[in-house]
Amino acid sequence: MNRLFVKARYRRLFGNVMACAVFVALLLTAGIASSENMRGKLYLVTKQTTLSERAGTPCLPGQERNAFCDRNYMCPHGQVARGLMLNLDVDAGESTLSGVGLVCAEPNEIYTVERTGAFGNGFGGQTVQDTCEDGTFLAGVVAATSDQRNVTGVRKVCRTYWPVTEKRGVDLYGSGYHKEMVTCPEGTFVTGVKASYFQDLDDDGDHDSVVRNFRFFCAEMRHWISQPEEVRDPRDPSIRTR
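What you see is a predicted model, and the numbers here were worked out from it, not measured in a lab.

Visitor: Would you mind showing me how to read the overall build of the chain here?
Guide: Along the backbone of the chain there are one helix and 15 strands. Each of the 242 residues in the chain was classed as buried or not, and the buried ones make up 40%. Restricting the contact set of the chain to residue pairs at least 6 apart, pairs at least 24 apart contribute 67%. Accessible surface, the chain as shown: approximately 14,100 Å² in total, 53% of it carbon and sulfur.

Set out below in structure tokens:
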């Protein structure tokens, strides 16, 4: 009787051990699959966000009616700018910038985008979208001015993560004779825009807007070289690289 009891007990113990082994094997398999899915994927270090140089002249609150100064427009958390959203109007026969914003997406996403910024129906002229090529992200713009005060035109500047290449857009949206580069530092990309603008209605009731200045929020981009660990700081250089 005792011998039968011992055999039954060992059978139950062996069954429990096998069940645990199968469970652990499943967890390891899921972990490996997850690691393979994330390995090489791009991500942004948003905790280290900085600001680019400013395009245009400072906006002085209270100095001008209907002037909006230093309004922040950020891509959703973890997203990067893929291009520009712009409003273009005509002033004295010349095309001029009347609104500025961003097209945002996950770094590893191509098709699904979101838009943010000072642009749209409340700004003068027509809205246009200018996106970077697949595999590149917005690094900034070449900003232009016709009056040495407002930003009257922009040309996108796109950059790849690796190998690093940079390409300016073909088209200047708006106009301007004096130009300057307004881009994020090397290794960083646009994740938001801080814009100042004038916005009102003209005598005919149409929207009238002017871009006073803007700056870009910039965040570093990296790629996963191993499975992300929630308890680890994503800036830990021992497990990740730039």
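Visitor: For this particular structure, what's the right way to read the state of the cysteines?
Guide: As used in these notes, a disulfide is a covalent bond between sulfur atoms, one from each of two cysteines. Within this structure, the stated rule accounts for four disulfides. The disulfide that involves C132 links it to C158, with 2.0 Å between the sulfurs. The disulfide joining C132 to C158 has a torsion of about -80° about its S-S bond and is therefore left-handed. Of this pair, C132 sits in the loop between β7 (126-131) and β8 (136-145) while C158 sits in strand β9 (residues 153-160), placing them 26 residues apart in sequence. Between C184 and C218 runs a disulfide, and the two sulfur atoms are separated by 2.1 Å. Across the disulfide from C184 to C218, rotation about the S-S bond amounts to roughly -80°, and the bridge is consequently left-handed. On the criterion of sequence distance, the pair formed by C184 in the loop between β12 (178-183) and β13 (188-201) and C218 in strand β14 (residues 207-224) is long-range, its members being 34 residues apart. As far as burial versus exposure is concerned, C184 and C218 are alike and both buried.

Conventions used here
- Residues numbered from 1 in each chain as written.
- Predicted model: local features only at pLDDT ≥ 70, side-chain atom pairs only at ≥ 80, totals over all residues.
- Heavy atoms only, no water.
- Helix = DSSP H or I, 4+ residues; strand = E, 2+ residues; numbered from the N terminus.
- Buried < 20%, exposed > 50% of the residue type's maximum accessible area, 1.4 Å probe, protein only.
- Contact = heavy atoms within 4.5 Å.
- Areas by Shrake-Rupley, 256 points an atom, 1.4 Å probe, with all protein chains shown as cover.
- Disulfide = S-S within 2.5 Å.

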